[in-house]
Amino acid sequence: MPASVHVVAGVLRDAGGRVLLARRPPGKHLAGLWEFPGGKCDVGEAPVDALARELREELGVVVESARPLIAVPHRYPEQDILLDVWQVSAWTGVPHPHEGQALAWVEQVALAQVAMPAADRPVIAALDLPDRYLITPAMAPEALEELLAGIERACRRGMRLVQLRQPHWPRARLAEAARGARGICRAHGARLLLNGDVQLAMVLGLDGAHLPARVAAELIQRPLPADRWLGVSCHDAAELLHAVRIGADFATLSPIFPTPDHEAPTLGWERFADLVAHAPMPVYALGGMEGEDIDAAWMAGAQGIAAIRGLWT
Ligand SMILES: Nc1nc2c([nH]c(=O)n2[C@@H]2O[C@H](COP(=O)(O)OP(=O)(O)OP(=O)(O)O)[C@@H](O)[C@H]2O)c(=O)[nH]1
Ligand SMILES: [Mg+2]
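Sequence positions are assigned chain by chain, starting from 1 and proceeding in written order. For this description, chains carry letters from A and ligands carry numbers from 1, given in the order in which they are written. Only residues with pLDDT of at least 70 get local features here, since the model is predicted, and only at 80 or more are side-chain atom pairs given and counted; chain-wide, interface and lining totals rely on the full set of residues.

- Under an unreviewed UniProt entry, the chain has the name 8-oxo-dGTP diphosphatase and belongs to Dokdonella fugitiva.
- UniProt positions are given in the numbering used here, feature names are shortened, and annotations may be inferred rather than shown by experiment. The heading Cofactor (unreviewed entry) in the UniProt record of the chain holds the text "Mg(2+)".
- The record held by UniProt for the chain lists under Sequence similarities (unreviewed entry) the comment "Belongs to the Nudix hydrolase family."

Here is the structure:
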């Protein structure tokens, strides 16, 4: 089997935040579908150099700064590819279709409706998800007000994805907390996922659920509709693979570093990067993460960081 083809592509945004797509010309692989501009890495070429070259050749723009967003391994009948997508945060020039391709600026929320190659699905999820993911610290059920106040503070600081996790609370109390958190998150445009209880998440109309690996292990298919988010906690290659099989939208992978309440052996960035390279979905780095770890996380292929303590205060 031929080795997989390394493809780099860039996400360029206009002043209004719309994303630039190009239409694959007739006669090419996946002709007619809309894609992120880019192309194949040459042998020995660094991905970031290939990105700059492709965007210059295809659009006539000059990349000034970019960071990895997500790399998606994907198997087409014709060939295996690694679709390595970068956020291009600064660039100059006006994009022109140098190869006769149609170009379009598309609203972020409309991306899911555009006819794009199958490998691009996880890229759309990666664009939709923030780079920080807060998991609430364990508290006593009596501390509900304190929990909600903490969520409110986090949202005010710009948190846009919150996992309500209180595995030891009675279900009625958890539902009460979830209703309170739902109001707070909605008011701030943040998404709220409930840990461990898909049914309760659906009944309360939350944005989705986040499942521990042992709960995900019991499933053979996605337990909630496509318009909700499903996250899964993973610790190794097998759990990541299972998360993909049941149609998870993203995963956390832990522990990167030691934390006070987990004894498990740590992955470190190198092992994390290895595991993430095989996962066709956004993966948050978890375990001992602090705000300043975000760059290291991106460089290791992460969507961003997930944390309890590191993002709570
Ligand atoms: N650029 C780009 N390619 C993608 C995306 N999604 C996706 O599956 N691909 C696949 O990745 C490969 C990229 O090859 P390409 O044809 O753009 O390569 P290229 O620009 O170097 O062109 P060339 O080989 O015709 O000179 C194709 O098989 C294409 O279908 C995407 O979002 N952007
Ligand atoms: Mg191309």
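**Brief notes about the packing of helix H3 (residues 144-156) against helix H4 (residues 171-188)**
Two numbers describe a pair of packed helices, the interaxial angle and the distance between the axes.
Next up, step 1: In contact at an axis separation of 10 Å, H3 and H4 are set at 15° when each is read in the N-to-C sense. Accordingly, the angle class assigned to the pair H3 and H4 is roughly parallel. Note that H3 runs across H4; the crossing there is right-handed. Contacts between H3 and H4 involve Leu144, Leu147, Leu148, Ile151, Glu152 and Cys155 from the first element and Glu176, Ala177, Gly180, Ala181, Ile184, Cys185 and His188 from the second.
Next up, step 2: In terms of residue class, the contact of H3 with H4 is made up of nine nonpolar, two polar and two charged. Where helices are involved, their axes are fitted lines through C-alpha atoms of the stretch in contact, as for all axes, and angles between N-to-C directions lie from 0 to 180°. Note on conventions: DSSP H or I runs of at least 4 residues are helices, E runs of at least 2 residues are strands, and numbering of each starts at the N terminus. Angles are sorted into four bins: roughly parallel if under 35 degrees, roughly antiparallel if over 145, roughly perpendicular if 65 to 115, and oblique for all others. In this scheme the crossing of two helices becomes right-handed for a clockwise turn of the near helix relative to the far one and left-handed for an anticlockwise turn of less than a right angle. Placing a C-beta atom from the backbone of each residue, one calls two residues in contact when those atoms lie within 7 Å. Residues are sorted three ways: Asp, Glu, Lys and Arg are charged, Ala, Val, Leu, Ile, Met, Phe, Trp, Tyr, Cys and Pro are nonpolar, and all the rest, Gly among them, are polar.

**Brief notes about the pairing of strand E15 (residues 304-307)**
Next up, step 1: As judged from the three bridges shared by strand E8 (residues 132-135) and E15, these two strands associate in the parallel manner. The residue of E15 that forms the bridge with Leu134 is Ala307. A strand pair is defined by DSSP finding two or more bridges across the two strands.

**So, the domain arrangement of the chain**
Next up, step 1: The split of the chain into domains comes from an automatic or database domain assignment. Its domain assignment divides the chain into domain 1 (5-119) and domain 2 (132-312).
Next up, step 2: Placing the centre of domain 1 and that of domain 2 at their C-alpha centroids yields a distance of 29 Å.
Next up, step 3: Among the residues forming the side of domain 1 that touches domain 2, the class breakdown is five nonpolar, one polar and one charged.

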